[in-house]
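Chain and residue survey
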Amino acid sequence: MTGRQPDRAFAEFVVKVHSRCDLACDHCYVFEHADQSWRRRPARIATETLQAAAQRIAEHAEKHGLAEVSVILHGGEPLLLGPARMREILTELHNIISPFTTLHVGMQTNGILLTERFAQVLADFDVRIGVSLDGDRSANDLHRRFRNGNSSHDQVVRALEILRRPQFRRIYSGLLCTVDVRSDPIRVYEALLAQDPPRIDFLLPHATWDSPPWRPDGAGAPYAAWLSAIYRRWISDGRPVAIRLFDSLLALAEGRPSGTEWVGLDPVALAVIETDGEWEQADSLKTAFDGAASTGMTVFTHSADDVAATPEMARRRAGLGGLSPVCQSCPVVAQCGGGLFAHRYGSGTFDHPSVYCADLKELIMDVNDNPPPAPTDVDPSLLPPAMLDGIAVSAGDGAAVKRLEEAQTAIIRALLVKVGQGLETTGPSAQNWATLTRLDHDHPDAVSGVLAHPYIRSWAVELLSGAGTGTWQGPGYLGSIAAAAAFAAGAAVRVFAPVRDGRVHLPTLGTVLLGAGGPAVAEVRTNDGEIRITVEGETVAVRPGERADARWLPNRRLTADGLTLLLEDLDPHRDCHKLPAADRLDEAAAGRWADTFAEAWRIVRDEVPDHAEELRVGLRAIVPVRLTGDGKSEASTARQAFGSVAVTETDPASLAVLLVHEFQHSKMNALLDICNLVDITKPNKITVGWRPDPRPAEAVLHGIYAHTAVAGIWRVRTSRKIDGAEAVFEQYRAWTTEAIQALERADALTPDGQRLLRKVSGVVSGWRP
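Residues numbered from 1 in each chain as written. Predicted model: local features only at pLDDT ≥ 70, side-chain atom pairs only at ≥ 80, totals over all residues. Heavy atoms only, no water.

**Brief notes about the overall build of the protein chain**
Broken down by element type, the protein chain carries 25 helices and 24 strands. Expected size for 769 residues packed as a compact globule is a radius of gyration near 27 Å; at 27 Å, the protein chain falls within 12% of this value. Within the protein chain, the fraction of its 769 residues that count as buried is 58%. In the protein chain, of all internal contacts separated by at least 6 residues, the share reaching a separation of at least 24 is 70%. Per element, the accessible surface of the protein chain, about 30600 Å² overall, is 50% carbon and sulfur. Here the protein chain contributes 80 positive and 97 negative side-chain charges, whose respective centroids are spaced 1 Å apart. (Helix = DSSP H or I, 4+ residues; strand = E, 2+ residues; numbered from the N terminus. Rg over C-alpha atoms; globule rule 2.2 N^0.38 Å. Buried < 20%, exposed > 50% of the residue type's maximum accessible area, 1.4 Å probe, protein only. Contact = heavy atoms within 4.5 Å. Areas by Shrake-Rupley, 256 points an atom, 1.4 Å probe, with all protein chains shown as cover. Lys, Arg positive; Asp, Glu negative; His and termini not counted. Charge placed at Lys NZ, Arg CZ, Asp CG, Glu CD.)

See the structure below:
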């Protein structure tokens, strides 16, 4: 989004350690699809090949300054190596790579040969294990059988029982399930859930336009229907387990990375090394044609940078520009991303949409129309009926908005507890967590002040969803939060904060500039109004109250009568809105924002004083947004960032409207966190005047609530004879009136939702044309 060319560094390497398998799954892309290169490769990776591969990974990490890399042991079936050889391989990898970067090792296996002895070897090296299982016995036996036709289900379940044992639970990374629409989706979901996995991956069976997936006769989007059935059950269950596909689509809907190559436009950062040392592209390409994944390079002759520079890899980093014209013009392209690259193949080219295009589009629309409530342990009694009534009519009840903010802080605390529970018992992240909990005990107000920053929650949700794997998205950001809280409390602490692009960000305070290069973690000490950050023996000292200099970019604040908030152009998690956040503003632009905001705030207080009181209590930050191509003023809120508004630079009168409009959405999001307003068992779609496409009930309720406030502003402006105001007021009044009537007919609200709608309707019906 900054215009920088995508980095060519690989963060993940799939290393084939055994190229044969003890199962004969008929949907396997390695053995059963177009590419048959496995036949000419050695069954096992030789020691010299492994050493050369590890050296290439180590040199790549050193050259690009990578703080960590992942190596996924793959096959074939890696467990065919046996425990002794596996230990040798893991030892070799760590000996060669670990001096240059932090090495994370994972493995994908069918689990058949997993024993307690084998599990102990893998646990000794912290190898995270993903197991392939397609559901209950009947679903799994559709494809995952031995060569003699016998079922593999019992052996896989036995392996999972080993991984669930306390001594091995930490290396159990999840289940991989290939979709078959002939199986019952809910039975599959329940069978997978019964294995208590940390994560579930649902994969569409590999197919191309030349070899399309099986579909029932007359079915338009059967894979979408199958996955949507699970999605709705998953939401109803309260999202009891991370499901990568759904989490990725939800993250993309909020403008965050997908964390997978299956959806979204994230650049591919993965390379494959075969048992003979050949570099390859992603394994899924083997389904396209014989040699589709080949690069013609080996670890003996070429570096990882050579592979990254190939035209094929460049295209995988090209984002939107690498897609077909059909995809580029699609309204859901930012989430779909054209689907998996291999699935676009047909008639000798990849310049097609995915062969699953219709399914992906239908699934994405269903996910977008039915977003899950945020994870929360908040008591709904936090908002009594009288306060709900006050918020419904925006009566200027600052206490009610304060209660919403307190509920948000409780949600954030619950999320942080979940983050803390997932940490290792030792190491920098564990120390950061201990420091933060100690600060919360000794200085709860200082910690709460930092946790009220809108983008703490967006970071925590991203991390817990499994999408947050980057430097600032990881658990190390707890150190930045703790340092900011310690500074606010005037406490002396020592924590460890993540470094990205030579920067350490401290939420609510600003960003320390360390310069390019260096490690990914810095030591941070706070004491006596000063923050000292040390990296590789060099220390930078800053005082957050001081002006910007070569080492320090402070958060700017917008101040007007009765209100102070952040002009947030630094926080690394502010891009959770649907609009592109602007980079750091120059002084001239910041000055314009200060003047525009002061006048906009005066207008809000003058025209709608009740809304002004609610904004004064709940608005925390404004995020400047880059203008899009049409140059129109735009604004947005984010479900996971209460109290923030992302908005383009505009005139004061327009900014006043946008702030009121978007804060209504922010309040509604907070209400939905603690009140069940919509009956999700009634997936009605309703036609409204402000959108061409039918909308789900929750979105309609959002629109009614926000547009009522906007109409109220234009009603005041109409009474003051402002040119053009009456037409705008009548438009919003008509839209809102019609939408209220449509939502009442749909009967899609809970009793609380109906109560809120009646209150809003009472306001609107009191207006006369």
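**A short note on helix α13 (residues 357–369)**
Here α13 contains 13 residues, and its C-alpha end-to-end distance of 18 Å stays within 8% of the 18 Å for a straight helix at 1.5 Å per residue. Of the surrounding secondary structure, the elements contacted by the buried residues of α13 are α7 (222–236), α8 (244–253), α12 (333–336), β23 (685–686) and β24 (695–696). (Expected span 1.5 Å × (residues − 1).)

**Notes on helix α20 (residues 587–607)**
The first and last C-alpha atoms of α20 sit 30 Å apart over 21 residues, in line with the 30 Å expected at 1.5 Å per residue. Every buried residue of α20 is listed here: Ala589, Ala590, Trp593, Thr596, Phe597, Ala600, Trp601, Ile603, Val604 and Glu607. With its buried residues spanning 160° around the axis, α20 presents them on a single face. Away from its buried face, by an angle of more than 90 degrees, α20 presents the exposed residues Glu587 and Asp595. The N-cap of α20, judged by a side-chain oxygen 3.2 Å from the amide nitrogen of Ala588 a few residues on, is Asp586. (Arc of directions from axis to C-beta. Polar contact = N/O pair within 3.5 Å; in protein donor to acceptor, adjacent residues only side chain to side chain.)

**Description of the sheet that holds strand β4 (residues 128–132)**
Hydrogen bonds between backbone atoms are what pair the strands of a sheet, whose relative direction is either parallel or antiparallel. Read across the open sheet, the 10 strands follow the order β7-β6-β5-β4-β3-β2-β1-β8-β9-β10; overall the sheet is mixed. Edge positions in the sheet fall to β7 (242–243) and β10 (294–298), since each has one partner strand and no second. Helix-sheet contacts for helix α5 (residues 153–163) involve β4 and β5 (172–178), and the interaxial angle to β4 is about 155°. (Pairing = 2+ DSSP bridges. Axes fitted to C-alpha atoms, helices over the stretch in contact; angles between N-to-C directions.)

**What to know about the packing of aromatic side chains**
Applying the stated criterion to the full structure yields 16 aromatic pairs. Ring centres 5.9 Å apart and planes at 80° place the aromatic pair Phe202 and Trp226 in the edge-to-face group. With Phe202 in strand β6 (residues 199–203) and Trp226 in helix α7, this pair connects stretches of sequence that are 24 residues apart. Both rings, one in Phe642 and one in Phe663, keep their centres 6.1 Å apart while their planes meet at 45°; by these two values the pair is tilted. Here Phe663 lies in helix α22 (residues 652–674) and Phe642 lies in the loop between β21 (635–636) and β22 (644–648), a separation of 21 residues in the sequence. Phe663 carries the same exposure label as Phe642, and that label is buried. Connected via pairs of aromatic rings, a cluster forms that spans Phe202, Trp226, Tyr231, Trp234 and Phe246. The ring of Trp214 has Arg182 sitting right over it, with the charged end atom 5.8 Å from the ring centre. Over the ring of Trp714 we find Arg717, and its NZ or CZ is 4.8 Å from the ring centre. (Phe/Tyr/Trp six-rings, centres within 6.5 Å; stacked < 30°, edge-to-face > 60°. Lys NZ or Arg CZ within 6 Å of the ring centre and 35° of its normal.)

**Let's talk about unusual backbone geometry**
Cis rather than trans, the peptide bond between Gly75 and Gly76 has omega equal to 15°. Inspection of the secondary structure assignment puts Gly76 in the loop between β2 (68–74) and α2 (83–97). Residue Asp501 is not a glycine yet carries a positive backbone phi of 55°. Note on placement: Asp501 falls in the loop between β11 (493–498) and β12 (503–506).

**Section: the state of the cysteines**
Within the structure shown, the criterion is met by 0 disulfides. Cys21 provides the cysteine sulfur closest to Cys25, a residue in no disulfide bond, and the two sulfurs are 6.0 Å apart. Looking at Cys25, the relative accessible area reads 10%, which means it is buried. (Disulfide = S-S within 2.5 Å.)

**Focus: the pairing of strand β8 (residues 270–273)**
Side chains Leu270 and Val272 of β8 all project onto a buried face; the interleaved residues Ala271 and Ile273 project onto the opposite face, where all are buried too. Inspection of the sheet shows strand β1 (residues 12–16) paired to β8 by 4 bridges, in the parallel sense. Of the residues in β8, the one forming a bridge with Glu12 is Leu270. What sits between the antiparallel neighbours β8 and strand β9 (residues 278–280) is a turn of 4 residues, in which Gly277 has the positive phi angle 90°.

**Concerning the packing of α22 against helix α23 (residues 697–719)**
For the pair α22 and α23, the least separation of the axes is 9 Å and the interaxial angle reads 150°. Between α22 and α23, the angle falls in the class roughly antiparallel. Crossing of α22 against α23: the hand is right-handed. Only Glu698, Leu701, His702, Gly703, Tyr705, Ala706, His707, Ala709, Val710, Ile713, Trp714 and Arg717 of α23 make contact with α22, whose side of the interface consists of Ala653, Ala656, Val657, Val660, His661, Gln664, His665, Lys667, Met668, Asn669 and Leu672. When its residues are assigned to classes, the contact of α22 with α23 shows 13 nonpolar, 7 polar and 3 charged. (Parallel < 35°, antiparallel > 145°, perpendicular 65-115°, else oblique. Left-handed = near helix turned anticlockwise from the far one by under 90°. Nonpolar A, V, L, I, M, F, W, Y, C, P; charged D, E, K, R; others polar.)

**Some points on the pattern of salt bridges**
The tally for this structure, following the rule as stated, stands at 56 salt bridges. In this structure, the salt-bridge partner of Asp673 is Arg457, at a minimum N-O distance of 2.8 Å. With Asp673 in helix α22 and Arg457 in helix α18 (residues 454–465), the pair connects residues that are 216 residues apart, well separated along the chain. When its relative accessible area of 5% is taken as the criterion, Asp673 is described as buried. Accessibility expressed as a relative area gives 1% for Arg457, which makes it buried. Arg592 is the salt-bridge partner of Glu649, the closest N and O atoms lying 2.7 Å from each other. Residue Glu649 is found in the loop between β22 and α22, and its partner Arg592 is found in helix α20; the two are separated by 57 residues along the sequence. Accessibility expressed as a relative area gives 32% for Glu649, which makes it partly exposed. Because the salt bridges share partners, they merge into one network encompassing Lys16, Asp35, Arg40, Arg41, Glu274, Asp276, Glu278, Glu280, Asp283 and Lys286. (Salt bridge = Lys/Arg side-chain N within 4 Å of Asp/Glu carboxyl O.)

**Looking at the environment of Val495**
Summarising the element assignment, Val495 is placed in strand β11. With a relative accessible area of 0%, Val495 lands in the buried category. Counting along the chain gives 27 residues from Val495 to Ala522, while the straight-line C-alpha distance between them is 8.5 Å. Discounting residues that sit within four places of it in the chain, Val495 has contacts with Asn432, Thr435, Gly479, Ala482, Ala483, Ala522, Glu523 and Val524.

**Here we look at the side chain of Thr101**
With respect to the element layout, Thr101 can be found in the loop between α2 and β3 (102–109). Overall, the relative accessible area of 7% leaves Thr101 in the buried class. Those residues in contact with Thr101 that lie beyond four places of it in its chain are Ala61, Leu66, Ala67, Glu68 and Val69.

**Digging into the nonpolar core**
Nonpolar side chains in soluble globular proteins tend to be buried together. Ranked by internal contacts, the top residues of the largest apolar core, which has 105 residues, are Leu122 and Phe202. Of the residues forming this core, the biggest block, 8 residues, is contributed by α7. Beyond its immediate sequence surroundings of up to four residues, Leu122 is in contact with Met86, Leu90, Met107, Leu114, Val127, Ile129 and Ile171. Listed in part, the 75 residues of the second largest apolar core include Ile391, Val604, Tyr705 and Ile713. (Core = buried A, V, L, I, M, F, W, Y, C linked by side-chain atoms within 4.5 Å.)

**Examining the confidence of the model for the protein chain**
Scored by pLDDT, the protein chain has a mean of 88; 96% of the residues are at 70 or more. Every residue in residues 1–6 scores below 50 in pLDDT, and together they form 7 contacts with partners more than four places removed in sequence or on other chains. (pLDDT = per-residue confidence, 0-100.)

**Comments concerning the sheet that holds strand β16 (residues 538–542)**
Reading across the sheet, the 4 strands line up as β11-β14-β15-β16 and stay open at both edges, with antiparallel pairing between neighbours. A strand with exactly one partner marks an edge of an open sheet, and here the two such strands are β11 and β16. Strand-to-strand, the axes of this sheet are offset by a mean angle of 25°, without reference to chain direction. Judged from the 5 bridges that link them, strand β14 (residues 521–527) and strand β15 (residues 530–535) form a sheet pairing that is antiparallel. Paired with Glu523 across the two strands is Thr534, which belongs to β15. Its contacts with the sheet put helix α19 (residues 477–489) on β11, β14 and β15, and the angle it makes with β11 is roughly 140°.

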